[in-house]
Amino acid sequence: MAVNGGRSRGVRRPTLEEVAVRAGVGRGTVSRVINGSPRVSDATRAAVEAAVAELGYVPNTAARALAANRTDAIALVVPEPETRFFAEPYFSDMLRGVGAEITDTEMQLLLIFAGSDRERQRLAQYLAAHRVDGVLLVSVHADDPLPDMLAQLEIPAVISGPRSAAETLASVDSDNYGGARSAVEHLMSRGRRRIAHITGHLDVYGAQRRVDGYRDALRDAGLGAADELIEVGDFTEEGGRRAMTELLRRCPDLDAVFAASDVTAAGARQALREAGRRIPEDVALVGYDDSAIARHLDPPLTSVRQPIEEMGRAMIDLLLTEIADRRPAGARERERHQVVLATELVQRASS
């Protein structure tokens, strides 16, 4: 008599319905738990997971995805050049948060760059074939066609920061306005009165909101925000250096600078030192992001911390909810989630 050490071919695999009965829930609830949906209570999730373990239920991923017209894949799309992605800590922190949150699901994560016209065209063809269940968009500019394309294709999507106050897609952002105010109020509390601002790309709504916070903080203190003290940057180190050089030429009496990112602040610091200005004795300097760059600069950089990893986690949670929501796109649009996370000023020696 032959002995088979593995599972006998005659043994029937437990079904989804049997898991539901054992857990005391409906079939749909079991499906949501298995698919990683956040719209399930902790107690229910624990009951379903216990039933799965007791019965030895193994989901047929390929069959489930085919039946549900699913791919079990999510794309993280970055409409920026690869060089910027690898140079700025913002992107690696975002990717870390997204990756950590998706680990507990059966979803695969695809990283796609779309910084050039050719890459965007290739991406459009890829998405039109519905090869992913949803898309995370990071670093979206106001004139970017990708969000509207996703809406037309009815692909669930979440963006890292709205394109405007009238955003129709689900989004996750930090409090850019409040973060900028806290930076300027901190500098004023240190006796600084000629406070300059190096902005980010002004076709990014978050950068616009930081300018608004900067202006309002000065206005409310009775100082006013002179246009000559604002120089447009682009979130890069070289952009920060160029902007700081121009500000020093135009406003040699400035005594503080609020930069729209830590990378920009690093460039501003270089220009200040080349001009013989001491930090913070002559010019106080504050950045934004509280990245590793801020901690390693000399002197260490005061910076507005935005919870980038938490933003990445929240984006995945929102996207899974969007994917699980099978209602028509028009019905979903009326309930778009706009998540805004708090910022925190981290004080160091540069101010």
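About the cut-offs
- Residues numbered from 1 in each chain as written.
- Predicted model: local features only at pLDDT ≥ 70, side-chain atom pairs only at ≥ 80, totals over all residues.
- Heavy atoms only, no water.
- Salt bridge = Lys/Arg side-chain N within 4 Å of Asp/Glu carboxyl O.
- Helix = DSSP H or I, 4+ residues; strand = E, 2+ residues; numbered from the N terminus.
- Buried < 20%, exposed > 50% of the residue type's maximum accessible area, 1.4 Å probe, protein only.
- Core = buried A, V, L, I, M, F, W, Y, C linked by side-chain atoms within 4.5 Å.
- Contact = heavy atoms within 4.5 Å.
- Axes fitted to C-alpha atoms, helices over the stretch in contact; angles between N-to-C directions.
- Parallel < 35°, antiparallel > 145°, perpendicular 65-115°, else oblique.
- Nonpolar A, V, L, I, M, F, W, Y, C, P; charged D, E, K, R; others polar.
- Expected span 1.5 Å × (residues − 1).
- Pairing = 2+ DSSP bridges.

- Going by what an unreviewed UniProt entry lists, the chain is known as LacI family DNA-binding transcriptional regulator and is assigned to Streptomyces lancefieldiae.

### Some points on the pattern of salt bridges
1) Next: Scanning the entire structure with this criterion turns up 26 salt bridges.
2) Next: As a salt-bridge pair, Arg194 and Glu228 come within 3.2 Å of each other at their nearest N and O atoms. Of this pair, Arg194 sits in the loop between helix 9 (176–189) and strand 6 (195–198) while Glu228 sits in the loop between helix 10 (205–220) and strand 7 (230–231), and the two are 34 residues apart along the sequence.
3) Next: Taking relative accessible area as the criterion, Arg194 reaches 23% and is therefore assigned partly exposed.
4) Next: For Glu228, a relative accessible area of 35% gives the class partly exposed.
5) Next: A salt bridge links Arg194 to Asp253; its shortest N-O distance comes to 3.1 Å. Here the residue Arg194 occupies a position in the loop between helix 9 and strand 6, and Asp253 occupies one in the loop between helix 11 (237–250) and strand 8 (256–259), the gap between them amounting to 59 residues.

### Considering the nonpolar core
1) Next: Val184, Ile195, Tyr214, Met244, Leu254, Val257 and Phe258 are the most contacted members of the largest nonpolar core, which totals 38 residues.
2) Next: Listed by contribution, the elements that provide at least two residues to this core are helix 9, strand 6, helix 10, helix 11, strand 8, helix 12 (262–274) and strand 9 (284–289).
3) Next: Among all residues touching Val257, those that are not within four sequence positions of it are Leu187, Ala196, Ile198, Met244, Val283, Ala284, Leu285 and Val286.
4) Next: By size, the runner-up hydrophobic cluster in this structure holds 26 residues, among which are Tyr90, Leu136, Val138 and Ile308.

### Examining the packing of helix 2 (residues 27–34) against helix 3 (residues 42–55)
1) Next: It is at 10 Å that the axes of helix 2 and helix 3 come closest, and there the two elements cross at 90 degrees. If you check the angle between helix 2 and helix 3, you find them roughly perpendicular. Of helix 3, the residues touching helix 2 (which contributes Thr29, Val30 and Val33) are Thr44, Arg45, Val48 and Glu49.
2) Next: Split into classes, the residues belonging to the contact of helix 2 with helix 3 amount to three nonpolar, two polar and two charged.

### Thoughts on helix 14 (residues 308–324)
1) Next: In this model helix 14 runs 25 Å from its N-terminal to its C-terminal C-alpha over 17 residues, within 8% of the 24 Å that 1.5 Å per residue would give.
2) Next: For helix 14, the tally of buried residues reaches twelve of 17 residues, placing the bulk of the element in the interior.
3) Next: The set of residues buried in helix 14 consists of Ile308, Met311, Gly312, Ala314, Met315, Ile316, Leu318, Leu319, Leu320, Thr321, Glu322 and Ile323.

### Remarks on the pairing of strand 1 (residues 73–78)
1) Next: In terms of burial, strand 1 is largely enclosed, as six of its six residues are buried.
2) Next: In strand 1, alternate side chains face the same way, and those of Ala73, Ala75 and Val77 on one face and Ile74, Leu76 and Val78 on the other are all buried.
3) Next: With six bridges joining them, strand 1 and strand 2 (residues 108–113) adopt parallel strand pairing. Across the sheet, Ala75 pairs through a bridge with Leu110, a residue of strand 2.

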